[in-house]
Amino acid sequence: IEKLSKTQSHLLDLAYRILKPGGQLLYSTCTFAFEEDEEQIQGFLARYPDMKLVEIDADSFSKMKGCVKYGFLNHTEGQFFALIRKEGDLSSSYLKPLSSVKNAKIESFIKENLNIRDYYLYKNNDHYYLSLNELPDLKNNVLRYGIYLGDMIKDRFEPSHCLYRSCSLHNSFRYVYEMNEEEYKKYIQGLQIGCALKDHYYQLRYHGISIGFGKCVKGQMKNKYPKGLRRML
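The structure displayed is predicted, hence computed values, not measured ones.

Participant: Mind showing me how you'd approach helix 3 (residues 104–113) here?
Facilitator: Given 3.6 residues to a turn, an α-helix orients residues that are three or four positions apart in the same direction. Taken residue by residue, helix 3 has I106, F109, I110 and N113 as its buried positions. Projection of helix 3 onto a plane perpendicular to its axis shows the buried side chains occupying an angular sector of 95°, all on one side. Opposite the packed face of helix 3, turned more than 90 degrees from it, sit the exposed residues A104 and K111. The inward-facing, buried residues of helix 3 abut strand 5 (120–124), strand 6 (127–131), strand 7 (147–153), strand 8 (156–159), helix 4 (161–165) and strand 11 (200–206). In this structure N103 caps helix 3, since a side-chain oxygen of it lies 3.1 Å from the backbone nitrogen of K105.

Set out below in structure tokens:
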């Protein structure tokens, strides 16, 4: 607990540095240890007088007003959270929107494979990302600009496994194939699946859950399941 509380205190200090005036910080843990919960908030507020606790209207057994805490009686193994706001006007800290990019081949792929009209296309480190909402420009502080869409490889577009596993796009794919148990077992082993389908990329599902994708070519579903996830049964 002592080691974790030191790490949490350090993370809160880092969060304060990147929080804009008027912005809010939600601190949450999955424990009911006082050192990791109320004591963290008390110390944080003492270090930064411009941070104010936002009271949350919820039943809890926290002894610190404004914080929410649940335990065994709430059917959890411990849950704590506190909402804190930095004083100031958020409008004075407006972030410029991230510049989107254009790519005819990728846009053609999206139009052909996804039932979406409005989206933003971003590029970072030669990877292409798709977002359903406009994103702010956070400079170099972002790992992924939305859903990892895929890459351009020698003048052709190769979609990513992340795209076909995306929850927000689950019902947007035009080409979907529901695998049976035998096909599912073959797929996660990296084996090809026979299919009587039109040549195309397909989102592959098992019991309605997206497992990944494949590319049907002349009656065979080429396996696109990542090698690092494959397993022998």
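Participant: How should I be thinking about the environment of K123 in this particular structure?
Facilitator: Within the element layout of this structure, K123 appears in strand 5. Ignoring any residue separated from it by four or fewer positions in sequence, one finds K123 in contact with V101 and Y128.

Participant: Please explain the sheet that holds strand 6 as it appears in this structure.
Facilitator: Consider a sheet: its strands pair through backbone hydrogen bonds, and that pairing is either parallel or antiparallel. Within the open sheet, the four strands sit side by side as 5-6-7-8. Their pairing is antiparallel. This sheet does not close on itself; its edge strands, each paired only once, are strand 5 and strand 8. Strand-to-strand twist across the sheet, computed as the mean angle between neighbouring axes with direction ignored, equals 30°. Alignment of strand 7 against strand 8, held across four bridges, turns out to be antiparallel. Considered in strand 8, the bridge of I153 is made with R156. Packing against the sheet, helix 3 makes contact with strand 5, strand 6, strand 7 and strand 8, and its axis sits at approximately 130° to strand 7.

Participant: What's the story with the pattern of salt bridges in this structure? I'm lost.
Facilitator: Pairing is possible between side chains of opposite charge, provided their charged atoms come close. Summed over the entire model, instances satisfying the criterion amount to 10 salt bridges. Across the pair E38 and K69 runs a salt bridge whose closest N-O atoms are separated by 3.0 Å. Of the two residues, E38 is situated in helix 2 (residues 38–47) and K69 in strand 3 (residues 68–70); the sequence distance between them amounts to 31 residues. Residue classification places K69 among the buried positions, given a relative accessible area of 5%. Here E55 and K65 are joined by a salt bridge, their closest N and O atoms 3.9 Å apart. Taken as a pair, E55 in the loop between strand 2 (51–54) and strand 3 and K65 in the loop between strand 2 and strand 3 lie far apart in primary sequence, 10 residues in all. Of the two residues, E55 and K65, neither departs from the other in class, the shared state being exposed. Linked by salt bridges that have partners in common, D37, E38 and K69 make up one network.

Rules used throughout
- Residues numbered from 1 in each chain as written.
- Predicted model: local features only at pLDDT ≥ 70, side-chain atom pairs only at ≥ 80, totals over all residues.
- Heavy atoms only, no water.
- Buried < 20%, exposed > 50% of the residue type's maximum accessible area, 1.4 Å probe, protein only.
- Helix = DSSP H or I, 4+ residues; strand = E, 2+ residues; numbered from the N terminus.
- Arc of directions from axis to C-beta.
- Contact = heavy atoms within 4.5 Å.
- Polar contact = N/O pair within 3.5 Å; in protein donor to acceptor, adjacent residues only side chain to side chain.
- Pairing = 2+ DSSP bridges.
- Axes fitted to C-alpha atoms, helices over the stretch in contact; angles between N-to-C directions.
- Salt bridge = Lys/Arg side-chain N within 4 Å of Asp/Glu carboxyl O.

In short, the description is geometric, and any link to function would need to be established separately.
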